[in-house]
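Now for the letters of each chain:
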Amino acid sequence: MKLPTCRFIFFFSIAFFLSSAVISAPVSKVIDVIDGDTLKVVLEGRSVRVRLHEIDYPETGQRYGREAKKIARRLAYGKVGLVGSRGSDRYGRIIGRVILPGGEDLSLELVKMGACWWYEHYAPEDEELEHAQHEARSKKWGLWKSKAPLLPWKWRRMKKKKSLAFPN
């Protein structure tokens, strides 16, 4: 019987300690970046979508949306990592965290780079994400180059109101 490698043990340990709410941490490969906070991965032999928990990304049509997606793609595309699931959303996507091959938490890395927002509403006590966002903002990295970047949930609300006011 072959013993598990140190790398596997390292990944498993990180996924286990990520949160007590994590349901599982299967190995997966990122095959597409739908937008910055939604990935398509091969998980247990099938293609599924994973919505990154605790962050929110600028939408593709929103200012900085395309640039932010490129960052997520550069960090995650083609990489094999672990998916820690916290359940699924109303669209059937897995809600979770992705741990990259080097042990990095993808959500944290994206916030550090100023590619997205820490979604405080869903992770009010995540001090690591809060600190990462504060740092990126103070250094004016990524979307924080703008004085007042528009929050994605406000942008979506505005788009919805506009489409209701002016139906096709």
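Residues numbered from 1 in each chain as written. Predicted model: local features only at pLDDT ≥ 70, side-chain atom pairs only at ≥ 80, totals over all residues. Heavy atoms only, no water.

Caption draft 1: Structural detail: the overall build of the protein chain. Per the secondary structure count, the protein chain includes five helices and seven strands. Reading the protein chain from its N terminus to its C terminus gives the helix and strand order α-β-β-β-β-α-β-β-α-β-α-α. Contacts spanning at least 24 positions in sequence make up 60% of the contacts within the protein chain whose residues lie at least 6 apart. Working note: accessible area of the protein chain is about 10,400 Å², and carbon and sulfur atoms make up 55% of it. (Helix = DSSP H or I, 4+ residues; strand = E, 2+ residues; numbered from the N terminus. Contact = heavy atoms within 4.5 Å. Areas by Shrake-Rupley, 256 points an atom, 1.4 Å probe, with all protein chains shown as cover.)

Caption draft 2: Structural view of the packing of aromatic side chains. Counted according to the given criterion, the structure contains three aromatic pairs. Taking 4.8 Å as the distance between ring centres and 85 degrees as the angle between the ring planes, the aromatic pair formed by Tyr119 and Tyr122 counts as edge-to-face. Classification of Tyr119 as buried rests on a relative accessible area of 13%. The class of Tyr122 is partly exposed, set by a relative accessible area of 49%. Taking 4.7 Å as the distance between ring centres and 10 degrees as the angle between the ring planes, the aromatic pair formed by Tyr119 and Trp153 counts as stacked. A residue pair is termed long-range when its members are at least 10 positions apart, and Tyr119 in the loop between strand E7 (117-118) and helix H4 (127-138) and Trp153 in helix H5 (residues 152-165) qualify at 34 residues. For Trp153, a relative accessible area of 23% puts it in the partly exposed group. An aromatic cluster of at least three residues, connected via ring pairs, comprises Tyr119, Tyr122 and Trp153. The ring of Tyr77 is capped by Arg73, whose NZ or CZ atom sits 4.2 Å from the centre of that ring. (Phe/Tyr/Trp six-rings, centres within 6.5 Å; stacked < 30°, edge-to-face > 60°. Buried < 20%, exposed > 50% of the residue type's maximum accessible area, 1.4 Å probe, protein only. Lys NZ or Arg CZ within 6 Å of the ring centre and 35° of its normal.)

Caption draft 3: Quick peek at the pattern of salt bridges. Applying the stated criterion across every chain yields a total of 12 salt bridges. Here Asp56 and Arg156 are joined by a salt bridge, their closest N and O atoms 2.7 Å apart. Taken as a pair, Asp56 in strand E4 (residues 55-56) and Arg156 in helix H5 lie far apart in primary sequence, 100 residues in all. Residue Asp56 is classed as buried on the basis of its relative accessible area of 1%. One salt bridge in this structure joins Lys112 and Glu109, with 3.5 Å as the shortest N-O distance. Taken together, the residues span about one helical turn, with Lys112 and Glu109 both in helix H3 (residues 106-112) at a distance of three residues. Here the salt bridges share partners, and the residues they tie into one network are Asp37, Arg51, Asp56, Glu59 and Arg156. (Salt bridge = Lys/Arg side-chain N within 4 Å of Asp/Glu carboxyl O.)

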